[in-house]
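Residue-level listing of the chains:
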There are 2 protein chains.
Amino acid sequence: MQNFEWVTPTKVIFGSKILEKLGKKTAGIGKQALFLYGKESIKKSGLYDTVVAQLKGEGVFFVEYGGVQPNPRISHAEEGARKIKENHLDVIVAVGGGSVIDEAKAIAVAACYEEPLWDFFIRKASFKKALPIVAVQTLPATSSELNGASVMTNEATHEKFSIRSEAIYPKVSFLDPSLTLDIPVQYTAYACTDILSHLMEGYFTASSDFPLQDGMVEGVCRAVMGALEIVLTDPRNLEARSTIMWAAALAWNGLLKSGVEGASIPNHVLEHPLSGFYDLPHGAGLSIVIPAWLKYMKPSIAHRILLYGERVMGLGKKLEGKTPLEGADIVIEELEDWYRHIHTPVHLKEAGIISLDVDACTNQAMALSEYWGVPGYDEEDIRAIYALMN
Amino acid sequence: MQNFEWVTPTKVIFGSKILEKLGKKTAGIGKQALFLYGKESIKKSGLYDTVVAQLKGEGVFFVEYGGVQPNPRISHAEEGARKIKENHLDVIVAVGGGSVIDEAKAIAVAACYEEPLWDFFIRKASFKKALPIVAVQTLPATSSELNGASVMTNEATHEKFSIRSEAIYPKVSFLDPSLTLDIPVQYTAYACTDILSHLMEGYFTASSDFPLQDGMVEGVCRAVMGALEIVLTDPRNLEARSTIMWAAALAWNGLLKSGVEGASIPNHVLEHPLSGFYDLPHGAGLSIVIPAWLKYMKPSIAHRILLYGERVMGLGKKLEGKTPLEGADIVIEELEDWYRHIHTPVHLKEAGIISLDVDACTNQAMALSEYWGVPGYDEEDIRAIYALMN
């Protein structure tokens, strides 16, 4: 194992009817809240009323601030920080998916400083403090409820960058799987593709076998695939939804790749340009990127691909007697079949991308690989992997 | 899944040469430390000198306090708290195994209150605050470095009770696997039996299958068994020692049984009297208790025993075509064989206990099952399980 530091100061409150504790927990942290959310849909579902009743019930004054976008925007976050400063608010209650929680983290930083918020994302300024956040996760996928990262888009410069700090972990995260029962099945499939990708990234880039982390990752992957299989035919299955919700939180929290030498995120480097330039869900982009990346990398990582095939996908019998490269091909084909089974695209054309702007995607991927510290890929590699997506 | 809350405010710093950060991290928390440790062996190993140099190097004043016992005693902890109060210390640096860290937690509470320390353990008094703790784990087994529990013995009343609170998680835990290279192989086998028992308890008492938690637990168990196998022939194998150290921390942290309905700790209830009344290592007691408990419980948990046999112990082929009860017997026999292989006892006589005081053990087990909230066992059950240990 390599050296690592791991911390998760967030308190997780998981289960049914847990929002009964929202007011009290919030009041223990702050008395004047920014109530941040995305779409008006939380009003239809009754969640809005629950949050309002909880805050009022515990005497927490709040300023409401909706309109967070799926790719949250820096200008919207800056406006949120202004509201906080004007009203002397001391806590953010973020109700929504990863976008809302990501923006809450950006606002939490902006509220404590005078510098333009984007400066922190482009490393022109650094921060140590942030307002406390109480998160209510409604669209599990990104682990934002259990990590210290925030990805924001600067709509003026078309840049999408991130910050990462111990200061911006939510203080408390409420994970009520019953809030996820009505998430459309297709959205859930994209979310599971994303969750799995968070686990696969470290698994396939690991410099060798790490039995402890491998075993945990394999178990979580199997659980996510199994739970999605249930959701496909029984979308309101609470147990399966619970599995997906808790797996999503753990998958990108840092724990499951702690100590894994070599772990990096090339598939995210390759995917961000796709969902950035084309109007593609992140999960749909990942199910295109991952098989292409595996095909390109298989000469050096066939052993890891076989392990994944055997232990996660249960392909032991199909792999018997095959050479490592033959076996890797089988695993990749089966993975593509599984993506088709859950109706996520495996080639660009299936996502409606007829002619990829390879130059633009490659440029952005090169920039991202530097920004995120993903070594080992030159322009030629990246172009070749994009070519495998056709 | 059932509702749960999970929090781990401890920062883990894992790896080689991490103690270079001990002084700085401690100085960020407090300026006057109680340096708590157990035996003088840390002086021979050089660890004592490292800690002293680190604290002095960052200007942390410290009062040294050694002599923590393997079953840490309440009187020794009270004396530690007195030293803290007299010297106005503001942080505890605990260097040792689970006993030292457990006692640090007790001292951390006692230092903040005037009540007798034991009152907190027998629930006569409650606490909300505690002095911050910096832990350096040297004997991984109990997860004390990553949980909020402390088990202490009152030598006056012969009672062994525990406290549990968010307030007593270490602020920072240093896990340097190179410090564990010289732990004797037999001690390591007992430690691994303990680590595995922490994982098995929830696995075998679960009310049904929980694919997410099951998968993680199975993976960690396989990793621990594999790493111990390496240590048996190559005791100074750093990678195997790293696996055991990180697995130990995670195994009893609450994470891996989060949401698992039914999870309880009957094997610990049955074991504590054994190691309490007889001079038996906790891990040696567990390898006697677990097979007996499994034999007694197999009619109701055969399915879970088979899963463990297949997924953790790789017994799939041996279990083919067997009835659940036949299969459970095979798994239990194989588990006993594995305990024999690592030289931990599977029957009382192998631990030198010729005639067990069943009355005394049963009485204590009954009391513990109430204290720890382990339902479903009456006196007859407990006597029957002890009988199966012969």
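Quantities reported herein were computed from a predicted structural model and do not represent experimental measurements. (Residues numbered from 1 in each chain as written. Chains lettered and ligands numbered in written order. Predicted model: local features only at pLDDT ≥ 70, side-chain atom pairs only at ≥ 80, totals over all residues. Heavy atoms only, no water.)

**Considerations on the environment of His158 of chain A**
Line of reasoning, step 1. Note that His158 of chain A resides in the loop between β6 (149–154) and β7 (159–164).
Line of reasoning, step 2. In this structure, the C-alpha to C-alpha distance between His158 of chain A and Val136 of chain A, residues 22 residues apart in sequence, is 28 Å. (Helix = DSSP H or I, 4+ residues; strand = E, 2+ residues; numbered from the N terminus.)

**Examining helix α14 (residues 358–371) of chain B**
All names here are of chain B.
Line of reasoning, step 1. Across its 14 residues, α14 extends 20 Å between first and last C-alpha, which sits within 8% of the 20 Å expected from 1.5 Å per residue.
Line of reasoning, step 2. Of all the positions in α14, only Cys361, Thr362, Ala365, Leu368 and Ser369 are classed as buried. Viewed end-on, α14 has its buried residues packed into an arc of 130 degrees, placing them on one side of the element. Facing away from the buried side of α14 by over 90 degrees, the exposed positions are Asn363 and Glu370.
Line of reasoning, step 3. In this structure, the buried residues of α14 make contact with α10 (266–277) and α15 (379–387).
Line of reasoning, step 4. Looking one or two residues beyond α14, the residue adopting positive phi is Gly373, at roughly 70 degrees. (Expected span 1.5 Å × (residues − 1). Buried < 20%, exposed > 50% of the residue type's maximum accessible area, 1.4 Å probe, protein only. Arc of directions from axis to C-beta. Contact = heavy atoms within 4.5 Å.)

**Concerning unusual backbone geometry**
Residues and elements named next belong to chain B.
Line of reasoning, step 1. Notably, Lys17 is not glycine yet its phi reads approximately 60 degrees, a positive angle.
Line of reasoning, step 2. As for its placement among the helices and strands, Lys17 is situated in the loop between β1 (4–14) and α1 (22–27).
Line of reasoning, step 3. Using a relative accessible area of 63% as the deciding quantity, one classes Lys17 as exposed.
Line of reasoning, step 4. The phi dihedral of Arg123 is positive, around 65 degrees, even though this residue is not glycine.
Line of reasoning, step 5. Inspection of the secondary structure assignment puts Arg123 in the loop between α6 (118–121) and β5 (133–139).
Line of reasoning, step 6. The class of Arg123 is exposed, set by a relative accessible area of 52%.

**Quick look at the packing of aromatic side chains**
Line of reasoning, step 1. Counted according to the given criterion, the structure contains 34 aromatic pairs over all chains.
Line of reasoning, step 2. Pairing Phe4 of chain A with Phe14 of chain B gives two aromatic rings, centres 4.8 Å apart and planes at 15 degrees, and the pair type is stacked. Placement of the pair is Phe4 of chain A in strand β1 (residues 4–14) and Phe14 of chain B in strand β1, with the two residues belonging to separate chains.
Line of reasoning, step 3. Here the aromatic residues Phe4 and Trp6 of chain A together with Phe14 and Trp246 of chain B are joined through ring pairs into a cluster of three or more.
Line of reasoning, step 4. If you follow Lys43 of chain A out to its NZ or CZ, it ends over the ring of Tyr48 of chain A, 4.8 Å from the centre.
Line of reasoning, step 5. Taking the ring centre of Tyr113 of chain A as reference, the NZ or CZ of Lys129 of chain A above it sits at 5.7 Å. (Phe/Tyr/Trp six-rings, centres within 6.5 Å; stacked < 30°, edge-to-face > 60°. Lys NZ or Arg CZ within 6 Å of the ring centre and 35° of its normal.)

**Topic: the relation of the copies chain B and chain A**
Line of reasoning, step 1. With an RMSD of 0.0 Å, the operation that places chain B on chain A is a rotation of 180 degrees combined with a shift of 0.0 Å along the axis. Such values leave the two copies arranged in the relation of a two-fold axis.
Line of reasoning, step 2. Mapped onto chain A, 100% of the interface residues of chain B are again interface residues, and the two copies thus contact each other with one and the same surface. (Least-squares fit on C-alpha atoms with pLDDT ≥ 70 in both.)

**Quick look at the domain arrangement of chain A**
Residue and element names in this part refer to chain A.
Line of reasoning, step 1. You can read the domains of chain A as domain 1 (11–179) and domain 2 (184–387).
Line of reasoning, step 2. Between the C-alpha centres of domain 1 and domain 2 the distance comes to 28 Å.
Line of reasoning, step 3. In this complex, domain 1 contributes 22 residues to the contact, which on the side of domain 2 involves 19 residues.
Line of reasoning, step 4. Interface area, domain 1 with domain 2, both sides summed: about 1800 Å², of which 64% is carbon and sulfur.
Line of reasoning, step 5. At the boundary of domain 1 and domain 2, one finds zero salt bridges.
Line of reasoning, step 6. Applying the counting rule to domain 1 against domain 2 returns eight residue pairs in polar contact (both at pLDDT 80 or more).
Line of reasoning, step 7. Every element with two or more residues in the side of domain 1 that touches domain 2 is listed here: β1 and β7.
Line of reasoning, step 8. The element best represented in the side of domain 1 that touches domain 2 is β7, accounting for three residues.
Line of reasoning, step 9. In the side of domain 1 that touches domain 2, the residues fall into 11 nonpolar, seven polar and four charged. (Domains from an automatic or database assignment. Buried area = accessible area lost by both parts, 1.4 Å probe. Salt bridge = Lys/Arg side-chain N within 4 Å of Asp/Glu carboxyl O. Polar contact = N/O pair within 3.5 Å; in protein donor to acceptor, adjacent residues only side chain to side chain. Nonpolar A, V, L, I, M, F, W, Y, C, P; charged D, E, K, R; others polar.)

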